[in-house]
Amino acid sequence: MEQRIRPATAADAARIAELANGLSAHEGLGPDVYNEGTVRRDGFGPDPAYSVLLAEADGEIVGYALFLNGYDTDIAARSVTLEDIFVTDTARGRGIGRRLFAAVAHAAVERGAHSLWWGVRSSNRAARRFYARLGARDEDARILQLDGEALTRLAAEAAEDQNSRSKTTG
């Protein structure tokens, strides 16, 4: 079986959306949220929010990794944050996930990063074993999320604060 890892292009947007939705389904998350247009806009527009690497086996795209630049204040150095990594059920167990992860590590080093960060659900024991085999430290940390109405409400506090400052200084 021929395998390769390559950077994604805008032409891959529909397949990236399928894989991202596959990851969400695999993790038992909500309905499909990704679509080709969203991937094109956010990953391949004038100011891409992230980068994507694709894993191919025998010419078929069977996995992806989505990552972005970050900064690690603990060591005062650049970092890369891996948001998603996923290999289809039929392609698992062939070393594709490891090759994909290694390619992300390579991209991180090329970008001058000194660390690579990602999250994993505590219940995902198989993934945690996989990451341990890569040499990852399994820190006791939590990833929190603020979204939707809660995000908008908190952002409004800052807007109100800025408006009140403008009135007192203007």
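Notes on the structure follow.

Scoring rules and cut-offs
- Position labels on residues start from 1 in each chain and follow its written sequence.
- Given that this is a predicted model, residues contribute local features only at a pLDDT of at least 70 and side-chain atom pairs are listed and counted only at 80 or more, while totals for whole chains, interfaces and linings are drawn from all residues.
- Working from all heavy atoms in the structure, the side-chain values ignore hydrogens and water.
- For two strands to count as paired, DSSP must find a minimum of two bridges between them.
- For helices the rule is a DSSP run of H or I covering at least 4 residues; for strands it is a run of E covering at least 2, with both sets numbered from the N terminus onward.
- The axes used here are C-alpha line fits, helices contributing only the stretch in contact, and every angle between their N-to-C directions lies in the interval 0 to 180 degrees.
- The rule is simple: take the accessible area with a 1.4 Å probe, protein chains only, and divide by the maximum for that residue type; under 20% is buried, over 50% is exposed, in between is partly exposed.
- An arc is given here, and it is the one of the directions from the helix axis to the C-beta atoms.
- Here a residue-residue contact requires only that any non-hydrogen atoms of the pair lie within 4.5 Å.
- Polar contacts, as counted here, are pairs of nitrogen or oxygen atoms within 3.5 Å of one another; within protein the pair requires one atom able to donate a hydrogen and one able to accept it, and residues that are adjacent in sequence qualify only if both atoms are side-chain atoms.
- For classification purposes, angles smaller than 35 degrees are called roughly parallel, those larger than 145 roughly antiparallel, those between 65 and 115 roughly perpendicular, and all remaining angles oblique.
- Whether a crossing is left-handed or right-handed is set by the direction in which the near helix is turned from the far one by less than a right angle, anticlockwise for left-handed and clockwise for right-handed.
- The salt bridge criterion pairs a side-chain nitrogen of Lys or Arg with a carboxyl oxygen of Asp or Glu, the two atoms within 4 Å.

This part is about the sheet that holds strand β1 (residues 3–7). With respect to topology, 5 strands assemble into an open sheet ordered β1-β2-β3-β4-β5, the strand pairing being mixed. Both edges of this open sheet fall to β1 and β5 (115–118), since each of them pairs with a single strand only. Direction aside, neighbouring strands of the sheet carry axes that sit 30° apart on average. Relative to β5, strand β4 (residues 77–87) is paired through 4 bridges, and the arrangement is parallel. Among the inter-strand pairings, Thr81 is bridged to a residue of β5, identified as Trp117.

Moving on to helix α2 (residues 36–44). Each α-helix winds once per 3.6 residues, and so residues spaced three or four apart point in a common direction. Within the sequence span of α2, burial applies to Thr38, Val39 and Gly43. Buried residues in α2, looked at end-on, bunch into an arc of 95°, giving them a common side. On its buried side, α2 packs onto α1 (13–26). The opening residue of α2, the one whose side-chain oxygen lies 2.9 Å from the backbone nitrogen of Gly37, is Asn35.

To continue, consider the packing of helix α3 (residues 96–110) against helix α4 (residues 125–134). With their axes 11 Å apart at the nearest point, α3 and α4 run at an angle of 55° to one another. With respect to each other, α3 and α4 are oriented oblique. Here α3 runs over α4; the crossing is right-handed. Counted together, Gly97, Arg98 and Phe101 of α3 and Phe130, Tyr131, Arg133 and Leu134 of α4 form the full contact between these two elements.

Using the criterion set out here, one finds 10 salt bridges in the structure. One salt bridge in this structure joins Asp89 and Arg92, with 2.4 Å as the shortest N-O distance. For Arg92, a relative accessible area of 35% puts it in the partly exposed group. In this structure, the salt-bridge partner of Arg128 is Asp138, at a minimum N-O distance of 2.8 Å. Taken together, the positions of Arg128 in helix α4 and Asp138 in the loop between α4 and α5 (148–169) put the pair 10 residues apart, joining distant regions of the chain. Exposure remark for Arg128: the relative accessible area of 31% places this residue in the partly exposed category.

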